[in-house]
Amino acid sequence: MIIFYILAGINHFWNKEFYLKMMPPWVPWHNALVILSGIGEICFAILLIFPSTRSVAAWCLIVLLIAIFPANVQMMINFWNTSNPNLWIAIVRLPLQIVLIWWAYGFKKKLK
């Protein structure tokens, strides 16, 4: 999980345009939020390493996953509107958020 979120956070900088396209139009500060979410993923992943910060880090990841859910919905809408052949990926990402939340919660409980 730690490696997953570190790589995901780094990807926010390597492929920033991808994440900017996912931002819902009603959300302000697209660039800043993409950068902040990437930094958050990296920082929360690092905090998972230490027993004293694991619980807080897992809860922060859960909150982050809930906060970015609208971007995943926007991605699906964008793919639908453009008849993108990868629409199925955007659809799969939605329930995947629940799996990631469950994973973070389970990680928190298991590593107390």
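Trainee: Hey, could you run me through the nonpolar core in this one?
Mentor: Soluble globular proteins tend to pack their nonpolar side chains together in the buried interior. Met1, Tyr5, Leu48, Leu61 and Ala104 are the most contacted members of the largest nonpolar core, which has 14 residues in total. When residues of this core are traced back to their parent elements, those giving at least two are helix 3 (30-49), helix 4 (54-67) and helix 6 (87-110). Once residues within four sequence positions are removed from consideration, Ala104 is found in contact with Met1, Ala58, Leu61 and Ile62. Judged by nonpolar contacts, the second largest core, of 10 residues, contains Met23, Val34, Met75 and Leu87.

Trainee: Would you take a moment to explain the environment of Glu17 for this structure?
Mentor: Tracing the backbone shows Glu17 in helix 2 (residues 16-22). Glu17 sits in the exposed class, given a relative accessible area of 54%. Sequence separation of Glu17 and Ile42 is 25 residues, and the distance between their C-alpha atoms is 19 Å.

Trainee: Help me understand the side chain of Arg54 in this model?
Mentor: As for its position among the elements, Arg54 is in helix 4. Buried and unpaired, Arg54 has Glu41 as its nearest opposite-charge partner, separated by 18 Å. Reaching out from Arg54, the side chain makes a polar contact with the backbone oxygen of Ile49 at a distance of 2.9 Å.

Trainee: Quick question: what am I supposed to make of the packing of aromatic side chains here?
Mentor: Aromatic rings in a pair are described by how distant their centres are and how their planes are angled relative to each other. Taken as a whole and judged by the stated rule, the model has 4 aromatic pairs. Ring centres 5.7 Å apart and planes at 55 degrees place the aromatic pair Phe4 and Trp103 in the tilted group. With Phe4 in helix 1 (residues 2-14) and Trp103 in helix 6, this pair connects stretches of sequence that are 99 residues apart. The exposure class assigned to Phe4 is partly exposed, which follows from its relative accessible area of 38%. Both rings, one in Phe18 and one in Tyr19, keep their centres 5.1 Å apart while their planes meet at 85 degrees; by these two values the pair is edge-to-face. Taking the relative accessible area as the measure of exposure, Phe18 reaches 33% and is therefore partly exposed. For Tyr19, a relative accessible area of 13% translates into the label buried.

What counts as what
- All residue numbers here refer to positions counted from 1 along the written sequence of the relevant chain.
- In keeping with the model being predicted, local features are shown solely for residues with a pLDDT of at least 70 and side-chain atom pairs are shown and tallied solely at 80 or more, while totals for entire chains, interfaces and linings include all residues.
- Neither water nor hydrogens contribute to the side-chain values; these are computed over all heavy atoms in the structure.
- We define the nonpolar core as a collection of buried residues of types Ala, Val, Leu, Ile, Met, Phe, Trp, Tyr and Cys that are connected through side-chain atoms lying within 4.5 Å of one another.
- Burial status follows relative accessibility: with a 1.4 Å probe on protein chains alone, a residue under 20% of its type maximum counts as buried, one over 50% as exposed, and anything between as partly exposed.
- Strands are runs of DSSP state E lasting at least two residues, helices are runs of H or I lasting at least four, and both sets are numbered from the N terminus onward.
- Residue contacts follow a heavy-atom distance rule, with two residues in contact if any of their heavy atoms lie within 4.5 Å.
- Note on charges: Lys and Arg go in the positive column, Asp and Glu in the negative column, and His and the chain ends are not counted at all.
- We count a salt bridge whenever a side-chain nitrogen from Lys or Arg sits within 4 Å of a carboxyl oxygen from Asp or Glu.
- Polar contacts, as counted here, are pairs of nitrogen or oxygen atoms within 3.5 Å of one another; within protein the pair requires one atom able to donate a hydrogen and one able to accept it, and residues that are adjacent in sequence qualify only if both atoms are side-chain atoms.
- Paired rings are identified among Phe, Tyr and Trp, the last through its six-membered ring, by centres lying within 6.5 Å, and are further divided according to the angle between planes into stacked (under 30 degrees), edge-to-face (over 60) and tilted (the rest).

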